[in-house]
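Descriptive analysis of the structure
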Protein chains: 2
Amino acid sequence: MVLYSKNIILEHDTFDGFLKIQDGKIEGLYKDYEGPYEDFSDEIVFPGFIDIHVHGWATGSFWFQKTRESVKEMCRTLPFGGVTSFLATSGADTIGEIKKCIGAADDAWEELEEGEIEKRGEKGAELLGVHLEGPFINPQYRGMQKEECCIEPDLEVMKDLYGSFRHRQLCRHMTIAVERGHAREVLNFCREQGIQTAIGHSGATFQEIASIRDAGVGGVTHMFSGMRGFHHREPGVVGAALYFDDLMCEFAKQTGMTVSHEAFDIAYRLKGSERIILSTDCSGLARTQSQFDHYVRKIRFVKDGDLVRLDHYDGRQEWIDPGDYEAVKELEMSYGKSVKNMAEHTRVTWHDIMRMTSLNPARYIHVNDRKGSIKPGMDADLTIMDQELNLVSTFCRGWEIRDYCQ
Amino acid sequence: MVLYSKNIILEHDTFDGFLKIQDGKIEGLYKDYEGPYEDFSDEIVFPGFIDIHVHGWATGSFWFQKTRESVKEMCRTLPFGGVTSFLATSGADTIGEIKKCIGAADDAWEELEEGEIEKRGEKGAELLGVHLEGPFINPQYRGMQKEECCIEPDLEVMKDLYGSFRHRQLCRHMTIAVERGHAREVLNFCREQGIQTAIGHSGATFQEIASIRDAGVGGVTHMFSGMRGFHHREPGVVGAALYFDDLMCEFAKQTGMTVSHEAFDIAYRLKGSERIILSTDCSGLARTQSQFDHYVRKIRFVKDGDLVRLDHYDGRQEWIDPGDYEAVKELEMSYGKSVKNMAEHTRVTWHDIMRMTSLNPARYIHVNDRKGSIKPGMDADLTIMDQELNLVSTFCRGWEIRDYCQ
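Now for a description of the structure that goes with this document. Every value quoted in this text rests on a predicted model; they were computed, and no experiment measured them. (Residues numbered from 1 in each chain as written. Chains lettered and ligands numbered in written order. Predicted model: local features only at pLDDT ≥ 70, side-chain atom pairs only at ≥ 80, totals over all residues. Heavy atoms only, no water.)

**Points about the nonpolar core**
Test applied: Here, nonpolar core refers to any group of buried Ala, Val, Leu, Ile, Met, Phe, Trp, Tyr and Cys residues whose side-chain atoms link them within 4.5 Å. Here's how the labels work: a residue is buried when its accessible area is under 20% of the maximum for its type, exposed when over 50%, partly exposed in between, all with a 1.4 Å probe on protein chains only. Here, two residues are considered to be in contact whenever any of their heavy atoms come within 4.5 Å of each other.
Grouped together as the largest cluster of nonpolar side chains are 204 residues, with contacts concentrated most on Phe86, Met223 and Phe251 of chain A together with Phe86, Met223 and Phe251 of chain B. Excluding residues that lie within four positions of it along the chain, Phe86 of chain A makes contacts with Asp51, Val54, Val71, Met74, Cys75, Leu78, Ala125, Glu126, Leu127, Leu128 and Gly129 of chain A.

Following this line, the structure appears as structure tokens:
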């Protein structure tokens, strides 16, 4: 198929012309074309958004459910928020539970990549692999992670986790508290295996980070949250992330609540769109298997039979069907809406957005040979927005998903 | 007299040539000149450093002594550290004590500006006026100021203080906690009188600052210290200073102790040399009249007869003669050494240094009609350093002071 737009966002340019898709790939870009095409004249065609930090979304939660089905549900629904590929993200659980996550990712990947899903016409966002957020995190900076499951970095445990992947290329990213235990050994191991590492849920001092950078740590996870904050005598993780030019800052969805728009803006001015990665850190809250306390939103999510009950701190209660996409999609801000919200508070160009949502994460987790930019030969992953940055359509490897976009 | 240098730092250029001084003014800049000249070929000729925040220096303390003589002593010795003009800075004292400061400044100014001193060959740094640091500051963020003297901003008190100046043009700068009392009225009054205001010793929230910026507040005092720190959900005074482009950040001497070099560097990257003012915030610690606890340096300074005793937190004791310049000059870092230290940790050009030390403070306190840059007609205030930024010589309105420079 062919689409036309005046605003196709290439890596270094904006292209006004036709984009031809063939067999899930971008076949070519043309100034002239005769034949039928889908018209996105005034819309903006971005390379598809890549979410490297998403535990769950709406009706599916890798973190809470740990099943093949939950991953498949994420593949199905993430495009509704503009995401065309992602890392299913685990949390601090017991080793056994994390292995259940890994198994679920393996299972889903086998099914999805062996084409069965395509036959059923359910192609969706691509599972790129797993982001292990923990278990090697600092309990003091655990945020909403389970305290008892935050353990010290240990090479044998890491090898055990890595070894439990049937498809090792799915092990793509690890968040780690670099000040703890045998972090250096784990970092070195990850580097050897091509696993991107990031500092997160960490109480590291500036100096601790300075002295471990040579082990290849690439950035920080959910910048500002779950880390030693900035102080002018101890710049901490935040200060190190701002200070060291090469560290990437992954920012969880910009609601303005967890991280104020001004804090984002300050970081943006320092790091530039070249060193920021947007993510959602969504959980699929409705899929909690017991209860989950969201202290920032001031709601406790409690599984209640087939429903999820929302206990608001102010006493109100609501019951929602966790399988009803329309009912749960507003529980967390989608990737697309986060982009729009961010752009309303920080001066960014379309190319800045392209870098933060697609090019940077693709490079970060080493999938930039086929994701992260629009050019011939790349996967036909596209996220199309109108000029107010409302989502219009997503293409996942050439397959258009338009119904739920808004 | 005439001096020559390859590196005369003009506002927008570097001049290689001769600078002629006549009657305390810069008479002109010349490419060619026949006659005797002082040779600073390889040195850097900056416009004289202006210290807008200095309570005392070495053997003289306006804050502690509150006398005409203490101001004159500061005029005499500040050039040894590269400073050619300054604001004598008071602290949070009782209103009566602050008025003693004001009286001392008036007295010294009358004597100094009526030329008597010139006859005696004691020309030195120029007293530009007074910086009132308090009394309208927040006791919770008082730092080393007296808690009982931190009072709420009050227009009548401000008018009383201003009215007690015999030479009102000396009232040039006020540091104020903008979140307290009738801050807006005081800010408006200061603006009407041409008194520059800055936020300092303040617990203001970001929003409080955002809503009072229209009252003309120009910057923050000793950036990072004595103010609500940065948090990603409440950016505070630090966040506001970083976020709002027009707010100037005054930085107290860069020892790396009070504010880490990395914190300075992060602020520098955001604000640029256009929005930073260097100062010393020196006190003339040896001149304490009772005792002064320096909790950052971990020394208590105690007046002990004619001497000052240094009670180190680790138990060591030293006695020093507070009138012996050589003995006390190392108690605090000089302006010149702070500049060198800063430049060793942050990538700055000579023009960046010129802006932070001279042009910006001159504009800030409205003396840029005769200070802050090197051009014909301006006061012949010069600070000359070698290429390693060691002080070589200072000129105060044409009068060279070289003996103590190092």
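What follows continues from the structure just given.
**Quick word on the sheet that holds strand β16 (residues 291-294) of chain B**
All names here are of chain B. As a reminder of what qualifies: In this scheme, strands are said to pair when DSSP sees at least two bridges between them. Helix and strand definitions here come from DSSP, where helices need a minimum of 4 consecutive H or I residues and strands a minimum of 2 consecutive E residues; each element is numbered from the N-terminal end. Helix axes are fitted to C-alpha atoms over the stretch in contact, other axes to C-alpha atoms as well, and angles between N-to-C directions run from 0 to 180 degrees.
Judged by pairing direction, the sheet is antiparallel, and its four strands sit side by side in the order β16-β17-β18-β19 without closing on themselves. A single partner strand is all that each edge strand has here, and the edge strands are β16 and β19 (317-320). Neighbour to neighbour, the strand axes of the sheet diverge by 20° on average, direction disregarded. In terms of strand pairing, β16 meets strand β17 (residues 299-304) through four bridges, oriented antiparallel. Looking at β17, one finds that Phe292 is bridged to Phe301.

**What about the pattern of salt bridges?**
Residues and elements named next belong to chain A. Quick reminder of the rule: Basic side-chain nitrogens of Lys or Arg form a salt bridge, by our definition, when they fall within 4 Å of a carboxyl oxygen of Asp or Glu.
Per the counting criterion, the structure on display carries 69 salt bridges over all chains. Asp311 serves as the salt-bridge partner of Arg309, at 2.8 Å between the closest nitrogen and oxygen. Comparing Arg309 with Asp311, the two get one shared label, buried. Overlapping salt bridges bring together Lys25, Glu126, Arg370, Lys371, Asp379, Asp381 and Arg397 as one network.

**Some points on the interface of chain A and chain B**
Which entries qualify depends on this criterion: Note on terms: buried area is the combined drop in 1.4 Å-probe accessible area of two parts once they are placed together, counting the loss on both. Any pair of nitrogen or oxygen atoms within 3.5 Å is treated as a polar contact; in protein, a donor-acceptor pairing is required on top of that, and neighbouring residues in sequence qualify only through side-chain atoms on both sides. Gly is placed with the polar residues, together with every amino acid not listed as nonpolar (Ala, Val, Leu, Ile, Met, Phe, Trp, Tyr, Cys and Pro) or charged (Asp, Glu, Lys and Arg).
Listed per partner, the contact involves 22 residues of chain A and 22 residues of chain B. Summed over both sides, the interface between chain A and chain B buries roughly 2,100 Å², with carbon and sulfur atoms accounting for 65% of that surface. On the surface where chain A and chain B come into contact, there are two salt bridges. Between Asp245 of chain B and Arg269 of chain A there is a salt bridge whose closest N-O contact spans 3.2 Å. One can count ten residue pairs in polar contact (both at pLDDT 80 or more) joining chain A with chain B. Looking at the side of chain A that touches chain B, the elements that each hand over two or more residues are α8 (236-243) and α9 (261-271) of chain A. At six residues, α9 of chain A tops the list of elements feeding residues into the side of chain A that touches chain B. Across the side of chain A that touches chain B, the residue classes break down as twelve nonpolar, five polar and five charged.

**Regarding the sheet that holds strand β11 (residues 171-176) of chain A**
Residue and element names in this part refer to chain A. Spatial strand order, β6-β9-β10-β11-β12-β13-β14-β15: eight strands in an open sheet with parallel pairing. Among the strands making up the open sheet, the edge pair consists of β6 (49-54) and β15 (276-278). When strand β10 (residues 126-133) meets β11, the two strands line up parallel, connected through four bridges. By the bridge assignment for β11, His131 is matched with His173. Relative to the sheet, helix α2 (residues 68-77) contacts β6, β9 (83-90) and β10, its axis offset from that of β9 by approximately 150°.

**Some thoughts on the packing of aromatic side chains**
Where we set the bar: Aromatic rings from Phe, Tyr and Trp, taking only the six-membered ring of Trp, are treated as a pair when their centres fall within 6.5 Å; an angle between ring planes under 30 degrees marks them as stacked, one over 60 as edge-to-face, and anything in between as tilted. Whether a charge sits over a ring comes down to the Lys NZ or Arg CZ being within 6 Å of the ring centre and within 35 degrees of the ring normal.
One pass over the full model with this rule turns up 38 aromatic pairs over all chains. Seen in terms of ring centroids, Phe18 of chain A and Tyr37 of chain A are 5.1 Å apart; in terms of plane orientation they differ by 75°. Their pairing is edge-to-face. Here Phe18 of chain A, found in strand β2 (residues 14-22), pairs with Tyr37 of chain A, found in the loop between β3 (25-30) and β4 (38-39); they are 19 residues apart in sequence, far enough to count as distant. Three or more aromatic residues link up through ring pairs in this structure, and these residues are Phe224, Phe251, Phe264 and Tyr268 of chain A together with Phe230 of chain B. Of note, Lys31 of chain B hangs over the ring of Phe15 of chain B, and the distance from its end group to the ring centre comes to 5.0 Å. Just above the ring of Phe244 of chain B sits the side chain of Arg213 of chain B; from NZ or CZ to the centre is 3.9 Å.

**Quick look at empty space enclosed by the protein**
Just so we agree on the cut-off: Grid spacing is 1 Å over the protein atoms alone, the probe is 1.4 Å, and a cavity is where that probe fits but cannot get out, while a pocket is an open set with protein on both sides within 12 Å along at least five of seven lines and lining residues have an atom within 4 Å of a point. Grid points are joined across faces, edges and corners, and a volume is the space filled by probe spheres set on the points.
According to the stated counting rule, one finds seven cavities of 30 Å³ or more in the structure shown. By volume, the largest cavity amounts to about 60 Å³. In terms of lining, the largest cavity is formed by Phe224, Phe230, Val238, Leu242 and Ile266 of chain A together with Phe224, Phe230, Leu242 and Ile266 of chain B. Taken together, the residues of the lining of the largest cavity break down into nine nonpolar, no polar and no charged.

**Observations regarding the packing of α8 of chain A against helix α9 (residues 261-271) of chain B**
The following threshold applies: Throughout, the term roughly parallel applies to angles under 35 degrees, roughly antiparallel to angles over 145, roughly perpendicular to angles from 65 to 115, and oblique to all others. Left-handed is the label given to a crossing in which the near helix is rotated counterclockwise from the far helix by less than a right angle, and right-handed is the label when the rotation is clockwise.
For the pair α8 of chain A and α9 of chain B, the least separation of the axes is 10 Å and the interaxial angle reads 50°. Put simply, α8 of chain A runs oblique to α9 of chain B. As for the relative orientation of α8 of chain A and α9 of chain B, their crossing is left-handed in sense. Contact residues: Gly239, Leu242 and Tyr243 of chain A in α8 of chain A; Glu262, Asp265, Ile266 and Arg269 of chain B in α9 of chain B. Considering only residue class, the contact of α8 of chain A with α9 of chain B consists of three nonpolar, one polar and three charged.

**Here we look at the relation of the copies chain A and chain B**
Filter applied, for reference: For this overlay, a least-squares fit was computed on C-alpha atoms, restricted to residues scoring pLDDT of at least 70 in both copies.
The two copies are related by a screw motion: chain A maps onto chain B through a turn of 180° and a shift of 0.0 Å along the axis, at an RMSD of 0.0 Å. When the rotation and shift are considered jointly, the pair of chain copies conforms to a two-fold rotation axis. A share of 100% of interface residues in chain A that are also interface residues in chain B marks the association as one of identical surfaces.

**Here's the deal with the pairing of strand β3 (residues 25-30) of chain B**
Residue and element names in this part refer to chain B. Summarising the sheet, strand β2 (residues 14-22) and β3 pair through five bridges and their orientation is antiparallel. If you follow Phe18 over to β3, its bridge partner there is Tyr30. In this antiparallel pair of consecutive strands, β2 and β3, the connection spans two residues, and Asp23 shows a positive phi of 50°.

**Some thoughts on unusual backbone geometry**
Look at the link from Gly134 of chain A to Pro135 of chain A: it is a cis peptide, with omega at 15°. The phi angle at Ala58 of chain A is positive, at roughly 55°, despite the residue not being glycine. Given a relative accessible area of 5%, Ala58 of chain A falls into the buried group. The residue Asp23 of chain B is not glycine, and still its phi comes out positive at about 50°. Along the chain, the position of Asp23 of chain B falls in the loop between β2 and β3.

**Some words on the layout of surface pockets**
The space that makes up the second largest pocket amounts to roughly 600 Å³. Residue lining of the second largest pocket: 35 residues in total, with Met144, Ser225, Thr258, Asp281 and His294 of chain A positioned closest to the centre.

**A word on α9 of chain A**
Residue and element names in this part refer to chain A. When you tally the buried positions in α9, you get nine out of eleven residues, the bulk of the element. Every buried residue of α9 is listed here: His261, Ala263, Phe264, Asp265, Ile266, Ala267, Tyr268, Leu270 and Lys271. Two residues or fewer past α9, Gly272 is found with a positive phi of approximately 75°.

**Side note on the environment of Asp13 of chain B**
Residues and elements named next belong to chain B. Within the element layout of this structure, Asp13 appears in the loop between β1 (2-9) and β2. The class of Asp13 is partly exposed, set by a relative accessible area of 47%. Taking the C-alpha atoms as reference, Asp13 lies 8.2 Å from His351; in sequence the two are 338 residues apart. In contact with Asp13, not counting residues within four places along its chain, are Ile8 and His351.

**What about the side chain of His131 of chain B?**
Residue and element names in this part refer to chain B. Among the secondary structure elements, His131 is positioned in strand β10 (residues 126-133). Using a relative accessible area of 0% as the deciding quantity, one classes His131 as buried. For His131, the side chain forms a polar contact with the main-chain oxygen of Ile52, separated by 2.9 Å. Ignoring any residue separated from it by four or fewer positions in sequence, one finds His131 in contact with Ile52, His53, Leu87, Ala88, Thr89, Ser90, His173, Met174, Thr175, Thr221 and Glu250.

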